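# Residue-level structural notes
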Amino acid sequence: MTEKVGVLGKKTSRRTDVERIVETPLPTVYGKFRAYGYLDHERGDEQVALVHGDLEAEGVLTRLHSECLTGDAFGSRHCECGAQLATALRQVADAGSGVVVYLRGHEGRGIGLLAKLRAMALQAEGLDTVEANLALGLPVDARDYGAAARILDDLGVRSVRLMSNNPRKREALVRHGIRVAEQVPLLIPPCESNITYLRTKRERLDHHLPHLDAMAHAPS
Ligand SMILES: [Zn+2]
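Because the structure is predicted, anything quoted here is derived from the model rather than measured. Here the residue numbering is sequential within each chain, running from 1 through the sequence in written order. Two thresholds apply to this predicted model, a pLDDT of at least 70 for residue-level local features and 80 or more for giving and counting side-chain atom pairs, whereas whole-chain, interface and lining totals are computed over all residues. Note that water and hydrogens are dropped before the side-chain values are worked out from all heavy atoms of the structure.

### With respect to the overall build of the protein
- Of the regular secondary structure elements, the protein holds eight helices and nine strands.
- The quantity called the radius of gyration is restricted to C-alpha atoms. Its globule counterpart is 2.2 Å times the number of residues to the power 0.38. In summary, the protein has a C-alpha radius of gyration of 18 Å against a globular reference of 17 Å for 220 residues, a match within 12%.
- The C-alpha extent of the protein, read off along each of the three principal axes, is 50 × 50 × 30 Å.
- Looking at the protein residue by residue over its 220 residues, the buried ones come to 45%.
- Every residue pair with non-hydrogen atoms within 4.5 Å of one another is taken to be in contact. Contacts in the protein between residues at least 24 apart in sequence constitute 54% of all its contacts with a sequence separation of at least 6.
- When the accessible surface of the protein is split by element, carbon and sulfur atoms take 51% of a total near 11,600 Å². Only DSSP runs of H or I with at least four residues qualify as helices, and only runs of E with at least two residues qualify as strands; both kinds are numbered from the N terminus onward. Relative accessible area decides the class of each residue, using a 1.4 Å probe on protein chains only: under 20% of the type maximum gives buried, over 50% gives exposed, and in between gives partly exposed. Accessibility throughout is a Shrake-Rupley quantity obtained with a 1.4 Å probe, and a residue counts as covered only by protein chains that appear here.

### Comments concerning the coordination of the zinc ion
- Here the term donor refers to an N, O or S atom within 2.8 Å of the metal (or 3.2 Å for Na, K and Ca), and because water is left out of the atoms, sites may appear incomplete. Distances from the zinc ion to its protein donors, Cys 68 (SG), Cys 79 (SG) and Cys 81 (SG), fall at 2.1 to 2.2 Å.
- We note that the donor set of the zinc ion lies within a single chain, spaced as C-x10-C-x1-C. In this pair, Cys 68 sits in the loop between strand S6 (60-66) and helix H1 (69-72) while Cys 81 sits in helix H2 (residues 81-95), placing the two residues 13 residues apart along the sequence. For the pair formed by Cys 68 and Cys 81, the shared burial category is buried.

### Brief notes about the sheet that holds strand S3 (residues 18-27)
- A strand pair is defined by DSSP finding two or more bridges across the two strands. On the basis of which strands lie adjacent, the open sheet formed by seven strands has the order S3-S4-S5-S7-S6-S8-S9 and mixed pairing. Of all the strands in the sheet, just S3 and strand S9 (179-184) have a single pairing partner and so form its edges. Adjacent strand axes in the sheet meet at a mean angle of 25 degrees when their direction is disregarded.
- Relative to strand S7 (residues 98-103), S6 runs parallel, the two being bridged by five bridges. Bridge assignment links Ser 66 to a residue of S7, and that residue is Leu 103.
- Seen against the sheet, helix H7 (residues 167-175) touches S6, strand S8 (159-163) and S9 and runs at an angle of roughly 165 degrees to S9. Every axis corresponds to a line fitted to the C-alpha atoms, with the helix fit spanning only the stretch in contact, and the corresponding angles, defined between N-to-C directions, vary from 0 to 180 degrees.

### Focus on the side chain of Asp 45
- By the secondary structure assignment, Asp 45 is in the loop between strand S4 (32-40) and strand S5 (46-52).
- Those residues within four positions of Asp 45 in sequence are excluded, and the remaining contacts are Tyr 38, Leu 39, Asp 40 and Arg 104.

### Points about a nonpolar patch on the surface
- A patch consists of residues exposed above 30% relative accessible area that lack any salt bridge, with like charges linked at up to 9 Å and nonpolar side chains (Val, Leu, Ile, Met, Phe, Trp, Tyr) linked at up to 5 Å. We define a salt bridge as a contact between a side-chain nitrogen of Lys or Arg and a carboxyl oxygen of Asp or Glu at a distance within 4 Å. Taken together, Leu 69, Phe 74, Leu 113, Leu 114 and Leu 117 make up a surface patch of nonpolar side chains, about 480 Å² in accessible area.
- If you tally residues by element for the nonpolar patch, the top one is helix H4 (residues 113-124), at three residues.
- By the secondary structure assignment, Phe 74 is in the loop between H1 and H2.
- The exposure class assigned to Phe 74 is exposed, which follows from its relative accessible area of 61%.

### Remarks on H7
- Those residues of H7 not exposed but buried are Lys 169, Ala 172 and Leu 173. Along the axis of H7, the buried residues cluster in a sector spanning 100 degrees; they form a single face.
- Positive phi shows up at Gly 177, right after H7, with a value of about 90 degrees. Our arc is simply the arc of the directions from the helix axis toward the C-beta atoms.

### Considering the nonpolar core
- Definition used in this section: a nonpolar core is a set of buried Ala, Val, Leu, Ile, Met, Phe, Trp, Tyr and Cys residues joined via side-chain atoms within 4.5 Å. Membership of the largest hydrophobic core comes to 25 residues, with the highest contact counts inside it found for Leu 64, Val 99, Leu 152, Leu 155 and Leu 173.
- Every element with two or more residues in this core is listed here: S4, S5, S6, S7, helix H6 (146-154), S8 and H7.
- Counting residues per element, this core draws most heavily on H6, which supplies five residues.
- Ignoring anything within four residues of it in the chain, the contact list for Val 99 reads Ala 49, Leu 50, Val 51, Leu 55, Val 60, Leu 61, Thr 62, Arg 63, Val 92, Leu 152 and Leu 155.
- Phe 33, Ala 35, Leu 85 and Leu 186 belong to the second-largest nonpolar core, a separate cluster that totals 13 residues.

Quick look at the structure:
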């Protein structure tokens, strides 16, 4: 249980239990992982962490991957999520140990799959990814990392080398009590379909994407 100050300034209790339900071997094309399944009792989400090797060392190589059906499963080139997930799993396997927490409920930075598709339709008409969420009356980023922190805690991870370009993920983990020893860039070469999206992430969402400097500006 944690205490939270509600909108009226009153302290309210809320259940934040994230319960480990199952653990199973999961051989993948990247290497041998163990899949840990969790149930987030607060939000109702089913979550999975893929673990490779042992996590006892400090500075565990870690990715908190926000679910993206279109990118992760369909190979969408609208975003770079699919390549980031594959790269993270490969890097964890190559490093000999680490964890990828796959965060359900994070579609479209937390607005949900159908809303994300609506936002993509608006982006096809010329809005950027931030403007599209706002045009739908939705938050620019509604993701919560409390469950991720509790999963890492359950796995015995105290400090991480975080594979991310997003300073907000680092800040959120620190806020939830996980030490971020290092932020490891996860830079995917851009393509014509996602260069505008990636520039928006850099310019409006503070993502650290220095490799975009090498790309000429795409015509708008
Ligand atoms: Zn994506």
